[in-house]
Amino acid sequence: MGSFGNGPAGDRTGPHGIGGGGGPAAAVDKGVDFANYFCTYAFLYHQKEMLSDRVRMDAYYNAIFQNKSHFLGKTVLDVGTGSGILAIWSAQAGARKVYAVEATKMSEHARALVKANNFEDVIEVIEGSMEDISLPEKVDVIISEWMGYFLLRESMFDSVICARDRWLKPTGVMYPSHARMWMAPIRSGLADQKSNDFEGAMDDWHCFLEDTRISYGVDMSILTKPFSEEQKKWYLQTSLWNNLHPNQVIGTAATVKEIDCLTTTVDDIAEVRSNFSSIIKCNTRLCGFSGWFDVHFRGRMEDPAQKEIELTTAPSVDNGTHWGQQVFLLNPAVAVSEGDEVDVSFAMTRSKENHRLMEVVLDGRLKQSSGNLLQPFRKLFYVE
Ligand SMILES: C[S@@+](CC[C@H](N)C(=O)[O-])C[C@H]1O[C@@H](n2cnc3c(N)ncnc32)[C@H](O)[C@@H]1O
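Cut-offs and rules
- Residues numbered from 1 in each chain as written.
- Predicted model: local features only at pLDDT ≥ 70, side-chain atom pairs only at ≥ 80, totals over all residues.
- Heavy atoms only, no water.
- UniProt positions renumbered as here; feature names shortened; annotations may be inferred.
- Pairing = 2+ DSSP bridges.
- Helix = DSSP H or I, 4+ residues; strand = E, 2+ residues; numbered from the N terminus.
- Axes fitted to C-alpha atoms, helices over the stretch in contact; angles between N-to-C directions.
- Contact = heavy atoms within 4.5 Å.
- Salt bridge = Lys/Arg side-chain N within 4 Å of Asp/Glu carboxyl O.
- Buried < 20%, exposed > 50% of the residue type's maximum accessible area, 1.4 Å probe, protein only.

In the nomenclature of an unreviewed UniProt entry, the chain is known as Protein arginine N-methyltransferase PRMT10 of Eucalyptus grandis. Taken from UniProt, the Subunit (unreviewed entry) comment for the chain reads in full: "Ring-like homodimer." For the record of the chain, the UniProt heading Catalytic activity (unreviewed entry) holds the text "L-arginyl-[protein] + 2 S-adenosyl-L-methionine = N(omega),N(omega)-dimethyl-L-arginyl-[protein] + 2 S-adenosyl-L-homocysteine + 2 H(+)".

Here it is, written out as structure tokens:
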């Protein structure tokens, strides 16, 4: 577990297999979803990965403790409490009652932590899926750390929406309250590396074919095409986890999605489509695009935060997060000059095999500052 997909060692989740249904309306096989997704969260080492992300922790800590008026004497629902950290902070900030819901057996560790920190009277840990459980009352605050790679991978925000629609008071506040997805053109040595890896894998395949034919008398060359497609998907079409240096971002960044956590529906996030343009800042190679997100804690318009807090996963020298950025590589890279413009049509949809994984299509065209249009590109990527 924990190292499937394209994340750093100890990836926060490992959904990499067959899940249930594509869109929000499709039925999800709960057993399969548990095996592919939830089970990884039942491990303490996995929770520790998230608890060790200082940018993440500081943002939630500051959001709660610099906005205590949202918590003092209030009822709070923590969707996906994990170790219970957000529930405990909510209680420390003065919440009257905290419902801490967790789908996995991590709930037992959360309960132990709550007891050890003397919040048994305030925090009720409920083991179960948010969609299935019931609360005795509506709440003033919903807090949750639901963000996956490039914000929406994992589709956990669906569960937060479900919780909000059932359990948030009409005057209630969402923590976080807003989220945005960003994209920008980048340069990266990974473009050449992945092309080489793909070519190496195919060279190796051809040696293997020869060996098998000579040593074992079977011609496997009929499988060359599917093997090549499989390897191409892995090396060239799967987005990559990376913590980019800001100077690898070679053009203006664009927002591709804005989410108001108080009002967004599952339909609003099941598909994300956006057109964006970026002006290239220097003479370099356009190797692909990077996607990242930020979330904000602003309270609600009628009851704003005293102190607005931002959690960003943008490329940073000092403040990298375990989310990093997702990198979408173009092959081959394209030479670009300062002032060129790249126009992109972006589409992100859920994988039909597993609603927690994503597919991204980038349809683009480069316009040189002279007005000359270069060959358009269209590429499908898997966010796994
Ligand atoms: C990203 S972790 C965050 C854990 C903790 N809140 C924190 O901030 O450290 C998300 C947690 O939500 C749980 N979770 C995800 N979807 C859920 C659902 N529908 N119902 C209950 N728990 C859920 C996962 O098992 C996981 O422990």
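K.L.:
Let's hear about the sheet that holds strand β2 (residues 97-102): which residues, and what values?
P.N.:
If you trace the five strands from one edge of the open sheet to the other, you get β3-β2-β1-β4-β5, paired in parallel fashion. Two strands in the sheet have a free side with no partner beyond their single neighbour: β3 (123-127) and β5 (168-175). Mean inter-strand twist for the sheet, computed between neighbouring axes without regard to direction, equals 20°. As paired elements, β2 and β3 share five bridges and run parallel to each other. What sits directly across from valine 101, in β3, is isoleucine 126. Strands in contact with helix α4 (residues 85-92) are β1 (75-79), β2, β3 and β4 (139-144); relative to β2, the strand with the most contacts, it is inclined by about 180°.

K.L.:
Can you explain the pairing of strand β12 (residues 325-336)? Please cite residues and give values.
P.N.:
Where strand β7 (residues 240-242) lies against β12, three bridges are found, and the strand directions are antiparallel. Along β12, the bridge assignment pairs tryptophan 241 with glutamine 326. Sheet analysis places strand β10 (residues 284-300) next to β12, joined by seven bridges and oriented antiparallel. Across the sheet, the residue bridging to phenylalanine 289 is phenylalanine 328, located in β12.

K.L.:
Give me the lowdown on the pattern of salt bridges, citing residues and values where you can.
P.N.:
In this structure the tally under the stated criterion is 23 salt bridges. The salt bridge involving lysine 105 is made with glutamate 127; its shortest N-O contact spans 3.3 Å. In this pair, lysine 105 is assigned in the loop between β2 and α5 (106-116) and glutamate 127 in strand β3, connecting sequence segments 22 residues apart. Note that lysine 233 is salt-bridged to glutamate 384, the shortest N-O span being 3.8 Å. In this pair, lysine 233 is assigned in helix α8 (residues 224-236) and glutamate 384 in the segment after β15 (377-383), connecting sequence segments 151 residues apart. What makes lysine 233 partly exposed here is its relative accessible area of 29%. Take glutamate 384: its relative accessible area is 15%, and that puts it in the buried class. Ionic contacts of the salt-bridge type, sharing partners, join the residues Lys105, Glu108 and Glu127 into one network.

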